[in-house]
Amino acid sequence: AQSVAQPEDQVNVAEGNPLTVKCTYSVSGNPYLFWYVQYPNRGLQFLLKYITGDNLVKGSYGFEAEFNKSQTSFHLKKPSALVSDSALYFCAVRDRRFNKFYFGSGTKLNVKP
Amino acid sequence: GAGVSQSPSNKVTEKGKDVELRCDPISGHTALYWYRQSLGQGLEFLIYFQGNSAPDKSGLPSDRFSAERTGGSVSTLTIQRTQQEDSAVYLCASILQGLNTEAFFGQGTRLTVV
């Protein structure tokens, strides 16, 4: 079965420190990979995507993500966290055959001053 | 329109009543998804429309839930005989099918069943 896993329900980090939000997937083929962010009482906002090419992709608000094909992972990273980065983060995978989206369960990021 | 529009933004209904939630996707987007999100939780897939193909209804939790997409554009999610466990935020997303693009989400409809 196709699935996306975000193993951490919550990640706590101090402002100014680097952050990582983990994502692994089990989707056939070479899927497209995405990260979304959701602020309280808002819809999901697109952050970045991996389609092909360089394994490190850069996105909005200083976020980047690293694709690792052998580990089927797509971890979200930021070199220096901000309090305003506190939100719910979702990893998503879109399979190329049926173009269906699969979402992870979400990771709540808490950045403390 | 410029983005995905959902209406109403909030809906309070009495248990047992029927509700209709509307989604206006981005013009030209051929695929449309409905998801349900309980408070602060993950996204639960409900239904997926892709062009003129039969919709993927595998995520609908019961036969009280149904959805249609008229003219390949606007979609309506209907919940009949609402129950308190139906209370959640219902999110709609549209995609320009066939390209490696991201899904664009609406702001959601917060449904409260009292």
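This structure is a prediction, so every number in the text was calculated from the model and none was measured.

Helix and strand counts for chain A stand at 0 helices and 12 strands. Starting at the N terminus, the α and β elements of chain A follow one another as β-β-β-β-β-β-β-β-β-β-β-β. When its C-alpha atoms are laid out on the principal axes, chain A stretches across 45 × 30 × 20 Å. Considering chain A as a whole, with its 113 residues, one finds that 49% of them fall into the buried category.

Attention shifts here to the packing of aromatic side chains. Residues and elements named next belong to chain A. What the rule picks out here adds up to 16 aromatic pairs over all chains. An angle of 45° between the planes, with centres 5.5 Å apart, marks the rings of F63 and Y89 as tilted. Highlighted residues: F63 in the loop between β7 (56–58) and β8 (64–68) and Y89 in strand β10 (residues 87–94), separated in sequence by 26 residues. Residues F63 and Y89 agree in their burial class; the two are buried.

Attention now goes to the interface of chain A and chain B. Taken residue by residue, the interface counts 20 residues in chain A and 26 residues in chain B. Of the roughly 1,700 Å² buried at the junction of chain A and chain B (both faces included), carbon and sulfur atoms supply 48%. Linking chain A with chain B are 2 salt bridges. In this structure, E102 of chain B engages K49 of chain A in a salt bridge whose closest nitrogen and oxygen atoms are separated by 3.2 Å. Between chain A and chain B we count 7 residue pairs in polar contact (both at pLDDT 80 or more) in total. Where the side of chain A that touches chain B is concerned, the elements lending two or more residues are β5 (32–38), β6 (44–50), β10 and β11 (101–103) of chain A. Broken down by element, the side of chain A that touches chain B gets its largest block of residues, 4 residues, from β5 of chain A. A class-by-class count of the residues in the side of chain A that touches chain B yields 11 nonpolar, 5 polar and 4 charged.

Chain-level statistics for chain B give a pLDDT mean of 92 and a share of 96% at 70 or above. Per-element mean pLDDT across chain B ranges from 92 in strand β5 (residues 43–50) of chain B up to 98 in strand β2 (residues 10–13) of chain B.

Residues and elements named next belong to chain A. Here the structure, examined in full by the defined rule, presents 8 salt bridges over all chains. One salt bridge connects K58 with E64, and the closest N-O pair in it is separated by 2.9 Å. Look at E64 and you get buried, because its relative accessible area is 16%. The closest approach of N and O atoms between K78 and D85, which form a salt bridge, is 2.8 Å. The same class applies to K78 as to D85, namely buried.

What counts, and at which threshold
Residues numbered from 1 in each chain as written. Chains lettered and ligands numbered in written order. Predicted model: local features only at pLDDT ≥ 70, side-chain atom pairs only at ≥ 80, totals over all residues. Heavy atoms only, no water. Helix = DSSP H or I, 4+ residues; strand = E, 2+ residues; numbered from the N terminus. Buried < 20%, exposed > 50% of the residue type's maximum accessible area, 1.4 Å probe, protein only. Phe/Tyr/Trp six-rings, centres within 6.5 Å; stacked < 30°, edge-to-face > 60°. Contact = heavy atoms within 4.5 Å. Buried area = accessible area lost by both parts, 1.4 Å probe. Salt bridge = Lys/Arg side-chain N within 4 Å of Asp/Glu carboxyl O. Polar contact = N/O pair within 3.5 Å; in protein donor to acceptor, adjacent residues only side chain to side chain. Nonpolar A, V, L, I, M, F, W, Y, C, P; charged D, E, K, R; others polar. pLDDT = per-residue confidence, 0-100.

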